[in-house]
Amino acid sequence: MEHFKASQTKRDLLSFVSALGRSAMTSSYTFDRLNPLIGLSPGMASLYGSLHGIASHWLLELPPDETARARFGNPVFKTWHARLLERSRGIIESIMDCHVKYLPEVQENKKTWNIDVLKECCEAGQRAATSSFVADQSVLQRTDSTASGHQNRVIVELQAYFHHSFGHEIRLDYGTGHECSFYVFLYSLCKIGVFGNLSKTHAPSHDLMAPVALAITAQYLEVCRGIQTKYMLEPAGSHGVWGLDDYHCIPFYIGACEMQNDAYSDRDFTPSSIHNDNLLKSDDGLSMLYFQCIRYIKSLKKGVPFFESSPMLDDISNLHSWTKVSGGLLRLFEGEVLDKRPVVQHFVFGDIFKASWEPSQCEKEAPSSTFADTVLGVTSVAPWALKHSGEERHVPSTGNDLYSL
């Protein structure tokens, strides 16, 4: 754990999340929920289409089991997640296909792609998510004989991060660790140039990152909120009312950065504006990420005063500037997510998101034989094994009749 906290890998991921926020703050881009593809690269438009397809189709095709008796975790989520594993390769290959196909059209001074190209890629991504035939066909066409070993390793690594981005299929929960995996997925796509950056050795411009920070995050949240509410996923690692949110952290940071964009300088948005319910229901409340997050929390916790249901967010609303809000939320993400073992222990490392350190201890192996008494050299037998096995076993006398207890 200490190796990761001091590693370049952690610094790079934190810098990436920070850059997403800064891009929403300084870019000339503003999110238009009616035209969400504008500003995205072809590869990211494909991802947007896949997320949109997942949100609009999968829950309808896989409704929760209303007869299940559980406070948290509807068992149908296991089927939902199995479909994710099944179609993830097709989704990622669609992203890569759109990226490679339209990369030659990119110019150094080009900030946006033709909207028809983006719509085509969005539709390709949606087909990859909604059609099992397309996903299976893609896998068959992309064998090792047609794709290089390196390309296949990249796809497999991206799949691992994507699989962990939507909750755990056994524990039936979702938390900030799963959210973090999605941003590791985006970080990896950025590293291989899918954001539209020509040089893979340099970070993309803020005009390329801002559409990802706002449009892709908004669509990802739509997927996550659907499975959280419909399948009643348990909040993993939630601090209850004393936490920022039961499930998310990064969208609040990006949303607070978006509030500082010069495009909104003529509007009197302050941290305390979250208490204005009319504003939250307006076009700005529907479009701006921070207001979206607050409106969603209030829709879940109706009839309870906001200062009681979300005391941390209520305290944040008393700050005087969005600069302080965004700075504090980024520190919160580092301290409560990236520096926590329950999150980091589930990270998967590969060629893109690298583990540059040596393991702190050797891998443990299960014993190959039964345990033996170190004094008498005989095999130990549990009392219940003697009682139910029907076998007569000799138990050495040690002066204490333990097995009669």
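Criteria and cut-off values
- Residues numbered from 1 in each chain as written.
- Predicted model: local features only at pLDDT ≥ 70, side-chain atom pairs only at ≥ 80, totals over all residues.
- Heavy atoms only, no water.
- Helix = DSSP H or I, 4+ residues; strand = E, 2+ residues; numbered from the N terminus.
- Buried < 20%, exposed > 50% of the residue type's maximum accessible area, 1.4 Å probe, protein only.
- Contact = heavy atoms within 4.5 Å.
- Areas by Shrake-Rupley, 256 points an atom, 1.4 Å probe, with all protein chains shown as cover.
- Core = buried A, V, L, I, M, F, W, Y, C linked by side-chain atoms within 4.5 Å.
- Expected span 1.5 Å × (residues − 1).
- Arc of directions from axis to C-beta.
- Polar contact = N/O pair within 3.5 Å; in protein donor to acceptor, adjacent residues only side chain to side chain.
- Axes fitted to C-alpha atoms, helices over the stretch in contact; angles between N-to-C directions.
- Parallel < 35°, antiparallel > 145°, perpendicular 65-115°, else oblique.
- Left-handed = near helix turned anticlockwise from the far one by under 90°.
- Nonpolar A, V, L, I, M, F, W, Y, C, P; charged D, E, K, R; others polar.
- Salt bridge = Lys/Arg side-chain N within 4 Å of Asp/Glu carboxyl O.

Engineer: What should I look at first to understand the overall build of the protein chain in this one?
Structural biologist: Counting its regular elements, the protein chain contains 18 helices and 2 strands. Among the 405 residues that make up the protein chain, the fraction classed as buried is 47%. When contacts within the protein chain are restricted to residue pairs at least 6 apart in sequence, those whose partners lie at least 24 apart make up 76%. Here the protein chain displays about 21000 Å² of accessible surface, and carbon together with sulfur accounts for 52% of that area.

Engineer: So what exactly am I meant to see when it comes to the nonpolar core here?
Structural biologist: What tends to happen in soluble globular proteins is that the nonpolar side chains get buried as a cluster. Of all hydrophobic cores here, the largest spans 113 residues; its most connected members are Trp-80, Phe-185, Leu-186, Leu-189 and Tyr-290. Beyond its immediate chain neighbours, meaning those up to four positions away, Trp-80 contacts Ile-54, Trp-58, Leu-62, Phe-166, Val-223, Ile-227 and Tyr-231.

Engineer: I tried to follow helix α5 (residues 115-130) on my own but got confused; where do I start?
Structural biologist: Since one α-helical turn is 3.6 residues long, residues separated by three or four positions face the same way. The end-to-end C-alpha distance of α5, which contains 16 residues, comes to 22 Å, matching closely the 22 Å that a straight helix rising 1.5 Å per residue would cover. Buried within α5 are the following residues: Val-117, Leu-118, Cys-121, Cys-122, Ala-124, Gly-125, Ala-128 and Ala-129. One side of α5 carries all its buried residues, which in axial view fall inside an arc of 160°. The opening residue of α5 is Asn-114, an N-cap whose side-chain oxygen sits 2.7 Å from the backbone nitrogen of Asp-116.

Engineer: When you look at the packing of helix α3 (residues 42-61) against helix α8 (residues 176-191) in this model, what are you seeing that I'm missing?
Structural biologist: Helix-helix packing is described using two parameters, namely the angle between the two axes and the distance between the axes. Contact geometry of α3 with α8 gives a least axis separation of 12 Å together with a crossing angle of 155°. Classified by the interaxial angle, the pair formed by α3 and α8 is roughly antiparallel. In terms of crossing hand, the pair formed by α3 and α8 is right-handed. Contact residues: α3 offers Met-44, Leu-47 and Leu-51, while α8 offers Phe-182, Phe-185, Leu-186 and Leu-189. Split into classes, the residues belonging to the contact of α3 with α8 amount to 7 nonpolar, no polar and no charged.

Engineer: Explain unusual backbone geometry here, please?
Structural biologist: Outside of glycine, negative phi angles account for most residues, and trans bonds account for most peptide bonds. The backbone of Leu-172 sits at a positive phi, close to 55°, despite the residue not being glycine. Following the sequence through the fold, Leu-172 ends up in the loop between α7 (149-163) and β1 (173-175). Here the phi dihedral of Met-232 falls at roughly 50°; this positive angle occurs in a residue that is not glycine. By secondary structure assignment, the location of Met-232 is in the loop between α9 (206-230) and β2 (234-236). The exposure class of Met-232 is partly exposed, given its relative accessible area of 41%.

Engineer: Where do I start with helix α16 (residues 322-338) in this structure?
Structural biologist: Relative to the 24 Å expected for 17 residues at 1.5 Å per residue, α16 spans 23 Å between its end C-alpha atoms, a close match to the ideal helical length. Burial in α16 covers these residues: Trp-322, Val-325, Ser-326, Leu-329, Leu-330, Phe-333, Val-337 and Leu-338. Looking straight down α16, one finds that the buried residues subtend no more than 130° of arc, so they occupy a single side. The exposed set on the far side of α16, more than 90 degrees from its buried face, consists of Thr-323, Lys-324 and Arg-331.

Engineer: Please explain the pattern of salt bridges as it appears in this structure.
Structural biologist: A side chain with one charge can pair with a side chain of the opposite charge if their charged atoms come near. Summed over all chains, the structure comprises 9 salt bridges. Two residues, Glu-61 and Arg-83, come together in a salt bridge whose shortest N-O distance is 2.4 Å. Of this pair, Glu-61 sits in helix α3 while Arg-83 is found in helix α4 (residues 76-102), placing the two residues 22 residues apart along the sequence. Glu-61 gets classed as partly exposed once you look at its relative accessible area, which sits at 39%. Owing to a relative accessible area of 15%, Arg-83 belongs among the buried residues under this scheme. Put simply, Arg-267 and Asp-284 hold a salt bridge, and the shortest N to O gap is 2.6 Å. Of the two residues, Arg-267 sits in the loop between α10 (250-258) and α11 (277-280) while Asp-284 sits in helix α12 (residues 283-287), which places them 17 residues apart along the sequence. Among the ionic contacts, a cluster of salt bridges with common partners joins Lys-10, Glu-334 and Asp-339.

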